[in-house]
Amino acid sequence: DWSSDVCSSDLRNLRTTGVNMLIYFNGDSNTAGSELEPGQCYADILTQHFQATAVNHALIGCSNDHILRSTTQYIEQCKQSQTFPDLVVIGWTEWWRQEWRRNGRFVPVTKGFAKFIDLDQFETARLEYYNNLVSTHFVYASAMAVYYNNAIYNLHCELQELGIKHLFFNAIVSLNQFADRIPIFEHQWNQCFFHPYSIDMTMREWSINNNYKEVTPGWYHFEQAAQQAWAELLINHLAHETFADTA
């Protein structure tokens, strides 16, 4: 086990030390491996690279609220069992996605995902209002960026306090996507967030800019070659960046 005073830069030695590594993943369809065969998703490639065991709580169409909630629940379970992951990897999604409490559970609600949910008249009106808000009032999206910039940073601080190594990245939009409308405070992430304030270094934009193909056009799920290349970017970051102590 790693003690809390070990730097995350020690990840570079994992494959040679024989550590039985546990990686916790969370995110949206990009981390769930949507439209890919088993073993092709970047999360699977990272797991194979480190010869690790994986827990993957990613959910297709989910919101950042879901990612925050489910990750926090998982960490609370780890506290009770005193068994923590060696590495947490999270790909954050679009800020305007929601989850609604429905029949005893949360369901993801987005523009494209609503067709999979049997909405009643009230919920249909609620969704139409929300879609119009997202589409026409950019100040709302900007305000959500400010909110998640701080909410994600709080999770980062908790993981640091617990001595849990972690690496975040933006799967679809950057934290300052609309910084021209509302300035975003740029937190110090101690190299634990892969280019948080770079629009070009989201998984989606990076894949597009490097000419990788989508599995289904318009869904932004990228081919195996893109998954491999993205995994190599993250592995290289883990191996060469100097992370701050988490003690």
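Counting restarts for each chain: residues are numbered from 1 in the order of the written sequence. With pLDDT at 70 or above as the cut-off, local features in this predicted model cover only qualifying residues; side-chain atom pairs require 80 or more to be listed or tallied, and sums for whole chains, interfaces and linings still use all residues. The basis for the side-chain values is all heavy atoms of the structure; hydrogens and waters are excluded.

## What about the overall build of the protein chain?
To be explicit about the condition: Helix and strand definitions here come from DSSP, where helices need a minimum of 4 consecutive H or I residues and strands a minimum of 2 consecutive E residues; each element is numbered from the N-terminal end. Each residue is assigned to one of three classes by its accessible area relative to the maximum for its type, calculated with a 1.4 Å probe on protein chains only: buried under 20%, partly exposed between the two thresholds, exposed over 50%. Residues are treated as being in contact if the distance between any of their heavy atoms lies within 4.5 Å. Only the protein chains shown count as cover for residues, and the accessible areas themselves come from Shrake-Rupley with a 1.4 Å probe.
Secondary structure assignment for the protein chain yields 8 helices and 7 strands. When burial is assessed residue by residue, the protein chain has 51% of its 247 residues classed as buried. Within the protein chain, counting contacts between residues at least 6 apart in sequence, those at least 24 apart form 73% of the total. Just so you have it, the protein chain exposes about 12,000 Å², and 49% of that area is on carbon and sulfur atoms.

## A few points about the pairing of strand E4 (residues 98-102)
This is how it is decided: Each pair of strands is called paired provided DSSP finds at least two bridges between the two strands.
Most of E4 is tucked away, with 4 of its 5 residues classed as buried. Hairpin connection from E4 to strand E5 (residues 105-109): 2 residues lie between these consecutive antiparallel strands, with Asn103 at a positive phi of about 55°.

## So, the packing of helix H4 (residues 64-81) against helix H6 (residues 138-161)
Here is the rule: Under this scheme, a helix contributes an axis fitted over its contacting stretch, all axes are lines through C-alpha atoms, and angles between N-to-C directions fall in the 0 to 180 degree range. Any angle that falls under 35 degrees is termed roughly parallel, while one over 145 is termed roughly antiparallel, one within 65 to 115 roughly perpendicular, and all others oblique. Handedness of each helix crossing follows the sense of rotation of the near helix against the far helix: counterclockwise by less than a right angle gives left-handed, clockwise gives right-handed. Note on residue categories: nonpolar means Ala, Val, Leu, Ile, Met, Phe, Trp, Tyr, Cys or Pro, charged means Asp, Glu, Lys or Arg, and polar means any other residue, Gly included.
Packing of H4 against H6 leaves a shortest axis separation of 11 Å and a crossing angle of 15°. In terms of orientation, H4 and H6 fall into the roughly parallel class. Considering how the two elements wind past one another, H4 and H6 form a crossing that is left-handed. Side by side, H4 and H6 meet where Asn64, Asp65, Leu68, Thr71, Ile75, Glu76 and Lys79 of the first sit next to Tyr147, Tyr148, Ala151, Ile152, Leu155, Glu158 and Leu159 of the second. A class-by-class count of the residues in the contact of H4 with H6 yields 8 nonpolar, 2 polar and 4 charged.

## Side note on helix H3 (residues 42-49)
For H3, the full list of buried residues reads Tyr42, Ala43, Ile45, Leu46 and Thr47. Just beyond H3, the residue with positive phi is Gln51, at close to 50°.

## Remarks on the side chain of Gln98
Basically, it comes down to this: Two N or O atoms count as a polar contact when they lie within 3.5 Å, although within protein this holds only if one can serve as hydrogen donor and the other as acceptor, and sequence-adjacent residues are included solely when both atoms are side-chain atoms.
Here Gln98 shows up in strand E4. Separated by 2.8 Å, the side chains of Gln98 and Trp100 make a polar contact. In this structure Gln98 touches Ser63, Val107, Pro108, Val109, Tyr130 and Tyr140, once residues within four positions along its chain are discounted.

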